[in-house]
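# Residue-level structural notes
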Amino acid sequence: MKLLKVNLLLLLLVFSMPMMSQKVDLETSLQRLDSVVAVRDVYIQRHQQEIEKLKKTLETTTFVNDKYGLCKQLYDNYQKFDPDSAMVYAKRCMELSLLTQRKDEYIQSQLDILSLLIYRGIYISARNLITKCGSIDKMPQQLQAKFAIAIMDYYMRLHGAGLGDEDDPMNNNLKLCWNTYQKYVPRNIWQYDFYESSLLHSNIIPRMLVRLRNIPQPSFQAAMIQVAIASQYKLQGNDKLYYYYLIQSAINDISMANHEAQSMLYLIESPYIRNNYKRAYNYGMVCSENAMAYKDMRRSLD
């Protein structure tokens with residue numbers, strides 16, 4: 001019994017250490033973000049160069065399986081950079097999977113298209129595709145997590161936008177959505193924490209901080225976990241840590257040439273930005289250029 005108590009105390013200590021050690025300097029963090037924003041074009045150019053290398057390789061590739069792999073890489077590179085181009089390569093993957101008669105790759109392509117529709121706020125088409133994909137239990141097991149994540153993302157964004165069918169119980173009850181689909185998502189991947197936090201508003205900051213330590217940076221994964229952590233601190237009324245993690249998320253987003261990012265949109269509303277005209281202008285330009293590049297219906301400039 002004593003050993004059990006000791007183990008519990010050690011576990012609590014491990015999870016509380018990241019919370020206890022958080023001393024942040026917002027101005028220093030903003031200055032770091034300023035420096036990243038200043039070279040944003042470099043990150044975009046570098047990302048475009050990686051894409052061009054893949055395209056040149058694709059031009060000289062003859063085997064269908066190799067073409068599929070390259071088109072999938074191009075989709076992944078375009079996914080949060082240029083949705084129109086990402087859609088082109090997702091559809092090419094679908095066509096190639098029909099040639100090889102690989103059902104799992106065909107479904108993977110469907111789910112890639114579904115993710116793009118959700119990211120861009122084209123919810124009616126996304127809903128139709130979810131229906132077309134059918135029961136998650138009949139899907140190949142290795143793709144069930146991806147489908148579950150897409151569905152949770154769909155309802156999270158739909159609910160946040162105040163849209164959706166009032167008769168759809170999932171749309172009105174995000175807890176029901178989580179309880180239905182979380183069993184398909186492995187607990188050891190970062191998406192499990194992200195959607196538990198986002199759908200349930202669960203206070204799992206210590207777990208996410210531990211998770212964050214094991215995620216490479218810069219990365220899309222780190223950016224998303226940092227947004228989830230920021231949201232939890234906002235619910236707690238801790239504005240300083242809320243803005244700190246938005247800043248860290250924005251740094252990751254810009255470093256990855258992510259045009260689908262939301263962190264900067266939230267950040268420019270803060271008094272730390274509004275009171276600095278040069279910074280407000282520069283950050284506002286990033287948000288504007290992201291909206292034009294990604295053509296997201298939720299951030300339309302029309």
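Just so you know, these numbers come straight off a predicted model, no measurement behind them.

### Notes on the packing of helix H2 (residues 26-38) against helix H14 (residues 239-255)
Each pair of packed helices can be described by the angle between their axes along with the distance between the axes. The interhelical angle for the contact between H2 and H14, taken along N-to-C directions, is 20°, at an axis separation of 10 Å. By the angle between their axes, H2 is roughly parallel relative to H14. You can see that H2 and H14 cross each other, and the crossing is left-handed. In this structure, H2 uses Leu26, Ser29, Leu30, Arg32, Leu33, Val36 and Val37 to contact H14, whose residues at the interface are Lys240, Tyr243, Tyr244, Ile247, Gln248, Ala250, Ile251, Ile254 and Ser255. Looking at the contact of H2 with H14 residue by residue, the class counts come to eleven nonpolar, three polar and two charged.

### Side note on the packing of aromatic side chains
Overall, the coordinates contain eleven aromatic pairs when judged by the stated rule. Arranged with centres 6.4 Å apart and planes meeting at 40°, the rings of tyrosine 181 and tyrosine 184 form a pair that is tilted. As far as the burial class goes, tyrosine 181 and tyrosine 184 line up, both buried. Between the aromatic rings of tyrosine 244 and tyrosine 245, the centroid separation amounts to 5.0 Å while the plane-to-plane angle is 85°, which identifies the pairing as edge-to-face. Side by side, tyrosine 244 and tyrosine 245 carry an identical accessibility label, which is buried.

### A closer look at empty space enclosed by the protein
The tally for this structure, following the rule as stated, stands at one cavity of 30 Å³ or more. Considered as a void within the structure, the largest cavity measures approximately 40 Å³ in volume. Taken together, Arg40, Ile44, Asp253, Ile254, Ala257, Asn258, His259, Val286 and Asn290 make up the lining of the largest cavity. Listed by contribution, the elements that provide at least two residues to the lining of the largest cavity are helix H3 (40-59), H14 and helix H17 (277-294).

### Quick notes on helix H4 (residues 64-78)
Compared with an ideal rise of 1.5 Å per residue, which puts 15 residues at 21 Å, H4 spans 21 Å between its outermost C-alpha atoms and is within 8% of the ideal. For H4, the complete set of buried residues consists of Tyr68, Leu70, Cys71, Lys72, Leu74, Tyr75, Asn77 and Tyr78. Contacts from the buried residues of H4 go to H3, helix H5 (83-100) and helix H6 (103-119).

### Notes on the layout of surface pockets
The computed volume of the largest pocket comes to approximately 950 Å³. Lining the largest pocket we find 35 residues, and of these Met156, Val227, Ser231, Gln262 and Tyr266 sit closest to its centre. Those elements that place two or more of their residues in the lining of the largest pocket are helix H8 (141-160), helix H11 (190-200), helix H13 (220-235), H14 and helix H15 (263-267). In terms of residue count, the dominant contributor to the lining of the largest pocket is H13 (ten residues). Within the lining of the largest pocket, the residues separate by chemical class into 17 nonpolar, eleven polar and seven charged. Taken as a whole, the second largest pocket spans an internal volume of roughly 470 Å³. Lining the second largest pocket are 21 residues; nearest its centre among them are Gln79, Tyr119, Lys146, Trp190 and Gln191. Elements that contribute at least two residues to the lining of the second largest pocket include exactly H4, H6, H8, H11 and H13. Residues belonging to the lining of the second largest pocket are distributed by class as follows: nine nonpolar, five polar and seven charged.

Reading guide: rules and limits
- Residues numbered from 1 in each chain as written.
- Predicted model: local features only at pLDDT ≥ 70, side-chain atom pairs only at ≥ 80, totals over all residues.
- Heavy atoms only, no water.
- Axes fitted to C-alpha atoms, helices over the stretch in contact; angles between N-to-C directions.
- Helix = DSSP H or I, 4+ residues; strand = E, 2+ residues; numbered from the N terminus.
- Parallel < 35°, antiparallel > 145°, perpendicular 65-115°, else oblique.
- Left-handed = near helix turned anticlockwise from the far one by under 90°.
- Contact = heavy atoms within 4.5 Å.
- Nonpolar A, V, L, I, M, F, W, Y, C, P; charged D, E, K, R; others polar.
- Phe/Tyr/Trp six-rings, centres within 6.5 Å; stacked < 30°, edge-to-face > 60°.
- Buried < 20%, exposed > 50% of the residue type's maximum accessible area, 1.4 Å probe, protein only.
- 1 Å grid on protein atoms, 1.4 Å probe; cavity = no way out; pocket = protein on both sides within 12 Å on 5 of 7 lines; lining within 4 Å.
- Points joined across faces, edges and corners; volume = space filled by probe spheres on them.
- Expected span 1.5 Å × (residues − 1).

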